[in-house]
Amino acid sequence: MPVPREEFMSPIWKDGIFKDKVLFCTGGAGTICSMQVRAFVALGGNACIIGRNVEKTESGAKDIATVRPGSKVIGLGNVDVRDGQALKAAADKCAEELGGIDFAIAGAAGNFLAPMSQLSTNAFKSVMDIDALGSYNTAKACLPYLVESAKKHKNSGKSYPTGTGGRMIFISASFHYVGRALQAHVMAAKAAVDQISNAVAIEYGPYGITSNVITPGPIAKTEGMERLSRSDPETVERSKRSIPVGRWGEVKEIADATVFLFSEGASYINGTIMVVDGGQWRTSGAA
Ligand code: HXC
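Being a predicted model, the structure only gives us computed values, none of them experimental.

Draft legend 1. How the structure looks around the site of the ligand. What surrounds the ligand is a group of 18 residues, the closest being Gly110, Phe112, Ser120, Ala123 and Gly224. Mapped onto the shell around the ligand, the elements with two or more residues apiece are helix 4 (121–155) and helix 7 (223–231). Among the elements that take part in the shell around the ligand, helix 4 stands out by supplying five residues, more than any other. Along the lines of polarity and charge, the residues of the shell around the ligand split into eight nonpolar, eight polar and two charged.

Draft legend 2. Layout of the pairing of strand 4 (residues 103–106). Along strand 4, one buried face is formed by Phe103 and Ile105 and the opposite face, lined by Ala104 and Ala106, is buried too. Strand direction decides the pairing type here: strand 1 (residues 22–26) and strand 4, joined by four bridges, are parallel. Note on strand 4: the bridge partner recorded for Cys25 is Ile105. Summarising the sheet, strand 4 and strand 5 (residues 167–171) pair through four bridges and their orientation is parallel. Directly across from Ala106, in strand 5, lies its bridge partner Phe170.

Draft legend 3. Local environment of the packing of helix 1 (residues 31–42) against helix 9 (residues 251–262). One way to put it is that helix 1 packs onto helix 9 with a least axis distance of 8 Å and a crossing angle of 50 degrees. Compared by their axis directions, helix 1 and helix 9 come out oblique. Where helix 1 crosses over helix 9, the handedness of that crossing is right-handed. On the side of helix 1, the interface is formed by Thr31, Ile32, Met35, Gln36, Arg38, Ala39 and Phe40, while helix 9 contributes Val251, Lys252, Ile254, Ala255, Thr258, Val259 and Phe262.

Draft legend 4. Representation of the sheet that holds strand 4. The seven strands lie next to each other as 3-2-1-4-5-6-7, forming an open sheet whose pairing is parallel. Looking at the sheet topology across the chains shown, the edges are occupied by strand 3 (73–76) and strand 7 (273–276). With direction set aside, neighbouring strand axes in the sheet form an average angle of 15 degrees. Where strand 5 meets strand 6 (residues 210–216), five bridges bridge the pair, whose relative direction is parallel. The partner of Ile169 across the bridge, within strand 6, is Asn212.

About the thresholds
Residues numbered from 1 in each chain as written. Predicted model: local features only at pLDDT ≥ 70, side-chain atom pairs only at ≥ 80, totals over all residues. Near = placed C-beta within 6 Å. Helix = DSSP H or I, 4+ residues; strand = E, 2+ residues; numbered from the N terminus. Nonpolar A, V, L, I, M, F, W, Y, C, P; charged D, E, K, R; others polar. Buried ≥ 20, exposed ≤ 12 C-beta atoms within 10 Å, placed from the backbone. Pairing = 2+ DSSP bridges. Axes fitted to C-alpha atoms, helices over the stretch in contact; angles between N-to-C directions. Parallel < 35°, antiparallel > 145°, perpendicular 65-115°, else oblique. Left-handed = near helix turned anticlockwise from the far one by under 90°. Contact = placed C-beta atoms within 7 Å.

Below you can see the structure in the form of structure tokens.
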């Protein structure tokens, strides 16, 4: 059964804005990234999602494809973002099967709560490698294709050509904007992710590429927040009270931010961080 559209994005977006464009997304079978990809595909695009787990990635791709008849969604499992060669091979396969890469999302991440006293060197390194090195590897694998896409876009001679291309989004977290216990590994890794996006924005802007970060706040029905809500209802209420808009976000609100940043309307937005958290990080602290 296809997921109804209003469950994963706002109805304001115009059908076909990503017609025949290709999105490459790491972590694309996860709760947040799969909705970002679903919105892109619903609006006319095709996609390739990457993950470590073969079954989860392949069935995730099949599920996303149900959103629009005729769409092409490939799931490449057994790809670890820490392995640059494997990621490059995945990007090459995506381009070969779908005709290029116009958009990329570096979404694969690892997280757990641990005090520094129980965080081994290897545990710290694992999250640094998945989040920071994995995002870097994603950019390196996709950028040659994004440059090609941006070139076509530039050659059209219009400042608002139909359909955009050459856009990259990195998924971050807000913990390091404010400071947060039990997240030393994630704060370090996501600070690096923000700066990798900035480096792409600066070095590839001249090629017509834009690179931006989306920082999701506490989003309901994600693995992390499910863990939190199982632990203690009072913690959940306290978390909601700490957010100026008074609630956790919905996954579709991250998908909407993605559609905007990939759309023509965001053509001059480059090297920025879009924090989608109801204003929480501006108050006492991150989720
Ligand atoms: C302390 C831990 C730990 C924990 C793992 N480690 N879990 N240390 N507390 N809870 C340590 C291990 O003991 C090991 O160190 C090292 O981390 C690597 O663990 P492996 O399992 O060998 O590594 P790997 O298979 O690569 O797994 C990576 C991972 C894992 C990050 C540790 O959790 C993972 O694959 N996660 C992917 C899914 C995920 O995390 N999704 C959340 C996305 S973000 P030693 O020293 O023993 O060798 C998100 C935001 C929510 O959800 C935020 C709120 C919580």
